[in-house]
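# Examination of the molecular architecture
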Amino acid sequence: MFFLKRIKFHFRFDKQERNGIFFLILCIVLLQSVHFFVKNQNGDVKSQILFDEALQTQIDSLKQLALVNERPKLYPFNPNFITDFKGYTLGMSPQEIDRLFKFRETGKYVNSALEFQRVTHVSDSLLSLISPYFKFPEWTQKKTKTKASYVLSSKKKESSAVYGILDLNKATAEELMKVRGIGQKLSTRIIRFRDRLGGFLVNEQLYDVYGLDAQVVERIHERFQVLSPPEVKKININSASASEIAQLVYIKLAQAEKIVRHREANGPFSSLDEMMDMFNDSEEKINRIGLYLSFEEEQYRQ
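A few points on the structure. (Residues numbered from 1 in each chain as written. Predicted model: local features only at pLDDT ≥ 70, side-chain atom pairs only at ≥ 80, totals over all residues. Heavy atoms only, no water.)

Once that is clear, we can look at the overall build of the chain. Scanning the chain from N- to C-terminus turns up 14 helices and 4 strands. Residue burial in the chain is summarised as follows: out of 302 residues, 34% are buried. For the chain, the share of sequence-separated contacts (at least 6 apart) that also reach a separation of at least 24 residues comes to 58%. Accessible area for the chain stands at about 20,700 Å²; split by element, carbon and sulfur atoms hold 57% of it. (Helix = DSSP H or I, 4+ residues; strand = E, 2+ residues; numbered from the N terminus. Buried < 20%, exposed > 50% of the residue type's maximum accessible area, 1.4 Å probe, protein only. Contact = heavy atoms within 4.5 Å. Areas by Shrake-Rupley, 256 points an atom, 1.4 Å probe, with all protein chains shown as cover.)

Attention now moves to unusual backbone geometry. The backbone phi angle of histidine 121 is positive, close to 65°, even though this residue is not glycine. Positionally, histidine 121 belongs in the loop between α5 (113-120) and α6 (124-130). Overall, histidine 121 belongs to the exposed group, its relative accessible area being 52%.

Turning our eyes to something else, we now look at the pattern of salt bridges. On inspection of all chains with the given rule, the structure shows 2 salt bridges. Across the pair glutamate 115 and arginine 118 runs a salt bridge whose closest N-O atoms are separated by 3.5 Å. Of this pair, glutamate 115 and arginine 118 both sit in helix α5, separated by 3 residues, roughly a single helical turn. We note a salt bridge from arginine 288 to aspartate 208, for which the minimum N-O separation is 2.8 Å. Placement of arginine 288 in helix α14 (residues 283-290) and of aspartate 208 in the loop between α10 (184-197) and α11 (214-221) is noted, with a sequence separation of 80 residues between them. For arginine 288, a relative accessible area of 5% puts it in the buried group. (Salt bridge = Lys/Arg side-chain N within 4 Å of Asp/Glu carboxyl O.)

A contiguous nonpolar surface patch, about 450 Å² in accessible area, is contributed by Phe22, Phe23, Leu26 and Leu30. Summarising the element assignment, leucine 30 is placed in helix α2 (residues 15-69). (Patch = residues over 30% accessible without salt bridge, like charges linked within 9 Å, V, L, I, M, F, W, Y side chains within 5 Å.)

Let's shift gears to the nonpolar core. In this structure, Leu212 and Ile220 are the most contacted members of the largest nonpolar core, which totals 45 residues. Contributing elements (two or more residues each) for this core: α9 (173-176), α10, α11, α12 (242-245), α13 (253-266) and α14. Among the elements that take part in this core, α10 stands out by supplying 5 residues, more than any other. With sequence-adjacent residues up to four places away left out, leucine 212 is seen in contact with Ile182, Leu186, Ile190, Leu206, Val217 and Ile220. Core analysis: the next-biggest nonpolar cluster, separate from the first, contains 16 residues, Phe77, Leu100, Phe103 and Val110 among them. (Core = buried A, V, L, I, M, F, W, Y, C linked by side-chain atoms within 4.5 Å.)

Moving on, we get to the packing of helix α4 (residues 94-105) against α5. Between two packed helices, both the angle of their axes relative to each other and the distance between the axes serve to describe the pair. Running from N to C, α4 and α5 cross one another at 105°; their axes reach a closest spacing of 8 Å. Between α4 and α5, the crossing angle belongs to the class labelled roughly perpendicular. Contact residues: Glu96, Arg99, Leu100 and Phe103 in α4; Glu115, Phe116, Val119 and Thr120 in α5. Across the contact of α4 with α5, the residue classes tally to 4 nonpolar, 1 polar and 3 charged. (Axes fitted to C-alpha atoms, helices over the stretch in contact; angles between N-to-C directions. Parallel < 35°, antiparallel > 145°, perpendicular 65-115°, else oblique. Nonpolar A, V, L, I, M, F, W, Y, C, P; charged D, E, K, R; others polar.)

Relative to the elements of secondary structure, arginine 104 occurs in helix α4. A polar contact of 3.2 Å, which involves the side chain of arginine 104, links it to the backbone oxygen of asparagine 80. Once residues within four sequence positions are removed from consideration, arginine 104 is found in contact with Asn80, Phe81, Tyr109 and Leu291. (Polar contact = N/O pair within 3.5 Å; in protein donor to acceptor, adjacent residues only side chain to side chain.)

The first and last C-alpha atoms of α4 sit 16 Å apart over 12 residues, in line with the 16 Å expected at 1.5 Å per residue. Where α4 is concerned, the buried positions are Glu96, Ile97, Leu100, Phe103 and Arg104. Seen from one end, α4 has its buried residues packed into an arc of 120°, which puts them on one side. Away from the buried face of α4 by more than 90 degrees, exposed residues Pro94, Lys102 and Glu105 are located. The inward-facing, buried residues of α4 abut α3 (84-90), α5 and α6. Just past α4, the residue glycine 107 takes up positive phi, approximately 85°. (Expected span 1.5 Å × (residues − 1). Arc of directions from axis to C-beta.)

So, about the packing of aromatic side chains. For the structure shown, the criterion picks out 6 aromatic pairs. Ring geometry for phenylalanine 116 and phenylalanine 134: centres 4.9 Å apart, planes at 65°, overall edge-to-face. With phenylalanine 116 in helix α5 and phenylalanine 134 in the loop between α6 and α7 (147-150), this residue pair connects regions lying 18 residues apart in the sequence. Its relative accessible area of 12% is what places phenylalanine 134 among the buried residues. Judged by centre distance (6.3 Å) and plane angle (50°), the rings of tyrosine 250 and tyrosine 292 are tilted. Taken together, the positions of tyrosine 250 in the loop between α12 and α13 and tyrosine 292 in the loop between α14 and β4 (293-294) put the pair 42 residues apart, joining distant regions of the chain. The exposure classification of tyrosine 250 matches that of tyrosine 292, with both residues buried. Geometry around phenylalanine 77 places lysine 86 over its ring, the cationic atom sitting 4.7 Å from the centre. (Phe/Tyr/Trp six-rings, centres within 6.5 Å; stacked < 30°, edge-to-face > 60°. Lys NZ or Arg CZ within 6 Å of the ring centre and 35° of its normal.)

Below you can see the structure in the form of structure tokens.
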């Protein structure tokens with residue numbers, strides 16, 4: 001009996017204490033309800049995130065498939081200077097590429113899409129795909145004047161022609177200064193650059209003259225063209241030393257040393273495309289550098 005009385009004593013509360021206990025129980029219930037609600041909400045968010053991840057994985061796989069099937073992105077280029085690799089990526093056959101190379105070895109250039117097809121024999125379907133990216137010098141696009149019409153067969157014709165094209169490799173400083181925008185300084189610079197090259201091989205090399213504006217170059221081409229390109233002894237990039245490579249105007253000694261180190265570490269170069277990372281220039285300028293290089297692997301020295 002005494003024990004039961006002691007227990008009753010512990011559970012005897014006044015009105016204020018009972019209100020406090022009731023309020024505490026109410027707080028506990030509210031907190032449990034909030035916890036249960038937040039937990040369920042987190043579960044819904046997590047399941048939604050898992051669904052989005054699965055959808056993103058599917059999208060990524062479709063993108064990868066599209067990249068595999070996508071053709072290489074094309075940029076404007078001069079078809080006269082395409083390499084074996086460039087021709088392959090365009091969809092040309094080795095025979096079509098060889099026909100272009102043989103044509104270029106004669107010192108001639110294709111100046112239109114139709115002429116390109118006549119030389120290479122590419123199909124009409126392939127021509128329609130790649131010809132929109134052909135980039136020829138501006139003078140070739142003028143219907144009233146073509147390079148062939150300006151080649152004079154005699155000194156008599158040259159003296160009587162008002163706008164006769166002159167040979168850029170034989171132009172004097174005084175003749176160049178007759179072009180608007182060319183003064184004594186620029187004319188001298190053009191001739192010095194021409195002498196360092198040993199003569200211009202292509203008209204586009206004028207763009208490489210320091211300080212010569214593109215619009216001025218176009219005006220020069222209206223009166224001067226490369227009519228007699230010089231014979232060039234090409235540098236074998238797979239056997240030449242760094243100092244020999246640096247003799248080319250376009251390549252500095254530091255670049256030549258980088259080329260030699262890459263060659264010694266990875267083996268000989270097989271095409272100009274493998275050397276793109278060696279230069280920080282445009283593709284057109286690198287193609288002009290390629291005019292002075294050969295890739296004869298049999299002469300490569302280990």
